Amino acid sequence: MGLRCLLPSRASGETWTIQEKRESTNCVDSFKVKVVQSYLEGVDWGLGQLREARAELRDVSHAMHKVKLESRKNSEEVTTLETLREVSVNHCQLLAAVSNLPRLYKVRSMVLETERLVESRRLLEAHARLMELERWQDEVLLQLQGPRGSSGTELTSEDEELVRNYFSGVGRLVDALAKELWAVVGSGLTFSSQNPTPFVSAVRIVEREEALDQIFLEERRSTMGHNTPMPLGRPRCWRDRFFKVMEEAVSARFRSVSYLHTQGPGLASHLSALQHCIMGDLSTVRHFLEQCVPAHYRLTRAYLRSCHQFLQTHLGLVSGWELEGGEIFAVLNWVLHIYNSSEMMGEPALVAELDIEDLGPLISQEGLDQLQNKYVQKVRKSVSEWMHKALEVELTDWQRDQEPDIDHEGCYHTSLPTIIAQMLEENARVALMISEALRDQTIQMGLYEMENLLSRFRDAIIEFGKEHRRDPTINSNKFYLHYLLACISNCIILKTSTESLQQQLCSFPSNRYSRIPLGPLAALDRAVRKACRLVMDHLLFELQAHLQELMSRTWLDQGDVTSNMCGVLEHHCELYNRVRQPCRQRLKEECQWLTVVEYVRALMQKRLVCRSNDERNQLAQRMSQDAQQLRDHLQNMEIDGTIGEVNPTALILALADIINVKDPGMIILEISGLVAKYPDINEEHVSVLLDVRGDVPKDVRKSVLDFLEQSAPPLPPGYRPIFTEILVPSSSMQFCLPTAKCT
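Just so it is clear, the structure is predicted and the values come from calculations on it, not from any experiment.

**Q** Sorry, what's going on with the overall build of the protein chain here?
**A** The number of helices and strands found in the protein chain is 25 helices and two strands. When burial is assessed residue by residue, the protein chain has 40% of its 743 residues classed as buried. Relative to all contacts within the protein chain whose residues are 6 or more apart in sequence, the contacts with residues 24 or more apart total 78%. As displayed, the protein chain offers around 41800 Å² of accessible surface, 54% of which is attributable to carbon and sulfur atoms.

**Q** What should I look at first to understand the state of the cysteines in this one?
**A** Two cysteines whose sulfur atoms are joined by a covalent bond form what is called a disulfide. This model, assessed by the stated rule, comprises zero disulfides. As a non-bridged cysteine, Cys 583 has Cys 532 as the owner of its nearest cysteine sulfur, 5.0 Å distant. Note on Cys 591: no disulfide assigned, nearest cysteine sulfur contributed by Cys 573 at a separation of 4.1 Å. Judged by its relative accessible area of 0%, Cys 591 falls in the buried class.

**Q** How should I be thinking about helix H19 (residues 561-576) in this particular structure?
**A** If you check H19, its first and last C-alpha atoms are 23 Å apart, about what 16 residues at 1.5 Å a residue would give, namely 22 Å. Val 561, Thr 562, Met 565, Cys 566, Val 568, Leu 569, His 572, Cys 573, Leu 575 and Tyr 576 are the residues of H19 that are buried. Looking at the buried side of H19, the elements it contacts are strand E2 (412-413), helix H16 (480-504), helix H17 (519-547), helix H18 (553-558), helix H20 (583-604) and helix H21 (613-636).

**Q** Is there a simple way to think about the pattern of salt bridges in this case?
**A** Oppositely charged side chains can form a pair if their charged atoms are brought close together. All chains considered together, the criterion is met by 31 salt bridges. The salt bridge partner of Glu 125 is Arg 122, with a shortest N-O separation of 2.7 Å. Accessibility expressed as a relative area gives 39% for Glu 125, which makes it partly exposed. The salt bridge involving Glu 347 is made with Arg 286; its shortest N-O contact spans 3.2 Å. Taken together, the positions of Glu 347 in the loop between helix H11 (325-338) and helix H12 (348-353) and Arg 286 in helix H9 (residues 267-292) put the pair 61 residues apart, joining distant regions of the chain. For Arg 286, a relative accessible area of 25% puts it in the partly exposed group.

**Q** Teacher, can you tell me more about the confidence of the model for the protein chain here?
**A** Low pLDDT means the predicted coordinates in that region are not meant to be read closely. When pLDDT is averaged along the protein chain, the result is 81, and 84% of the positions lie at 70 or above. Counted against residues more than four places away or in other chains, residues 510-516, with its pLDDT under 50, gives 16 contacts.

**Q** Can you walk me through the side chain of Ser 319 in this structure?
**A** Take Ser 319: it is sitting in helix H10 (residues 299-319). Residue Ser 319 is classed as buried on the basis of its relative accessible area of 14%. Ignoring any residue separated from it by four or fewer positions in sequence, one finds Ser 319 in contact with Ile 363, Leu 371 and Lys 374.

**Q** Looking at this model, I keep getting lost on a nonpolar patch on the surface. Mind explaining?
**A** Among the surface-exposed residues, Val 43, Leu 47 and Leu 50 lie close enough to one another that they form a single nonpolar patch of about 290 Å² accessible area. For Leu 47, the position within the fold is in helix H1 (residues 2-99). For Leu 47, a relative accessible area of 42% corresponds to the partly exposed category.

**Q** Quick question: what am I supposed to make of the nonpolar core here?
**A** Most often, soluble globular proteins have nonpolar side chains that are buried together. One finds Phe 242, Ile 488 and Met 623 to be the most contacted residues of the largest nonpolar core, which totals 186 residues. Other than its neighbours up to four places away in sequence, Met 623 contacts Met 551, Trp 555, Tyr 599, Leu 603, Ile 652, Leu 655, Ala 656 and Ile 659.

**Q** Please clarify how the environment of Ile 419 should be interpreted in this entry.
**A** Within the secondary structure layout, Ile 419 lies in helix H14 (residues 415-432). On the basis of relative accessibility, which here comes to 30%, the residue Ile 419 falls in the partly exposed class.

What counts and how
- Residues numbered from 1 in each chain as written.
- Predicted model: local features only at pLDDT ≥ 70, side-chain atom pairs only at ≥ 80, totals over all residues.
- Heavy atoms only, no water.
- Helix = DSSP H or I, 4+ residues; strand = E, 2+ residues; numbered from the N terminus.
- Buried < 20%, exposed > 50% of the residue type's maximum accessible area, 1.4 Å probe, protein only.
- Contact = heavy atoms within 4.5 Å.
- Areas by Shrake-Rupley, 256 points an atom, 1.4 Å probe, with all protein chains shown as cover.
- Disulfide = S-S within 2.5 Å.
- Expected span 1.5 Å × (residues − 1).
- Salt bridge = Lys/Arg side-chain N within 4 Å of Asp/Glu carboxyl O.
- pLDDT = per-residue confidence, 0-100.
- Patch = residues over 30% accessible without salt bridge, like charges linked within 9 Å, V, L, I, M, F, W, Y side chains within 5 Å.
- Core = buried A, V, L, I, M, F, W, Y, C linked by side-chain atoms within 4.5 Å.

Here's what the structure looks like:
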């Protein structure tokens, strides 16, 4: 039952599948038929087109054959036309020649007339005639050449040469006109202020020529005029030539300004003449020539540029010369200050026209440095020579038989410090007019030379002292001391001048003279010390006779030696008042110091040894009186008693107290007080004091000397040793003869 149901259903399905396959096959076959039919139709159409093309090619071939036949027939006629064309060209040239005959006949006369116009400087009229002649020449050449683009109409070289020769006078006119034109332009700076008409005419001609140059250049750049030849002598570029002529005129005018007298003393005048010439020409350019040219010329700017370039070359040449100091100063001052000042190129109107700094410096920085170094060397040579002469005059003054000059402060002086100070100050002031750097270099050079001078000055002082000491009794120079004091005052003046110069120095030192500023002060100090030493030596020489009488029986009994010494001191101190401070006070203090030292030295020589208490008392009283007398005189002479924490006159009193001690056993107390005040005293000095007393037992002596050996206190700060300068003479030792007995 189930099997039966399934069989019919399977049969109907198979039947349906077969029908679908048949329909699909029929559809594919129908499509193939249509495609093949379409291809066949296209092929048929293509074949039709080919048949039509073949027919047309056949027609063209027949037409070309006919043309070839016709061309062969007309070949003889073409030859006839070529001959006709040549005849036509010749006819055109003859027609051009005939039509230009009136002009050609007038060429020579116009050339002569134009030459006369040029000679009379009627430049505009001459240029108009010249332009007309050039136009005729160009038209003749163009007409002979024929219409542009036509074949066979090119000029032969013979024809062109013929035309050029016929118009050869035109070229000479151009040269003659240019010569006169540039002569007018070159003289514009000189004559334009009087009659600017020729210059204006020249500028108008230049502008006409510049316009013609542009026209011809444009024709050559254009398509139509590409094959057009440029007229002979074009482009003339007369505008460029105009500025070149102006530049040459500027250089010529500058060279004519005292040029023959430039080198030597006339250099400053030459630079001044250059300044006046430049400013005069600038005034002419700005107020006259600028009004005669188009605005785009910017003639003032061009003049400034030409002027600056000439000055760069000219000053570079001048810098290479062997110049003196004054000439170098004139160049530096002109380049660095005058040229850029408001009186010249620094004028606001000119700065607005052209910034000169854009053109570079007149002299390079290296050139300026070389000039400044040359200037310093020249000044140094001059300073050295003047210092040498001043020192020679100074040495001559020392031999005069009169005291030195006295200034308004009552001090001795000579001409030396005034000459040196004024010379260095003047050199510094002049150098500052150039620059601070040059001022510093000049000052340091001057200080270096002053150091050399002071070294020679000190040597001269030493020689002066030697000559006086050879035989001072001859009294060959009774003003020896006076001139020594004048030397000290001179050094003080020079010190003030040196410090003033050093204060003017800028903060940056010169590499070349960096060690100089301290040199002169040290040399001054050495010279002053030497002069003061000689003054003290002279004082000692005059005191020597009185010092020999100290510690003698005559001195002990009469006591007038100290009064004589005070007289000598008073005379010297009066002369010391002729010395400037602080050396005045220093000399007085040294005078007091020397007197006390020599007084104590006389005591240390043991010229006097006390034999009794009365003699010790008398010696102590005499020493106390001398100390008081010296102190009174020194105070009257305005001398402070204290020198370096030490009172010299008090030392005499302290020594007198030791000699006057009644009990020898108490001497150690006095000695300890003396050591406390004068710590540089040693055993030898104390031993001599004990010997002068003549009553000190050996045990007391030993105790005192042991105390000194154990104490030996250090010198306090600011203490000036006094006993160090007093040498104790060695004690004379007894010796025995070989044949005698010692007692």
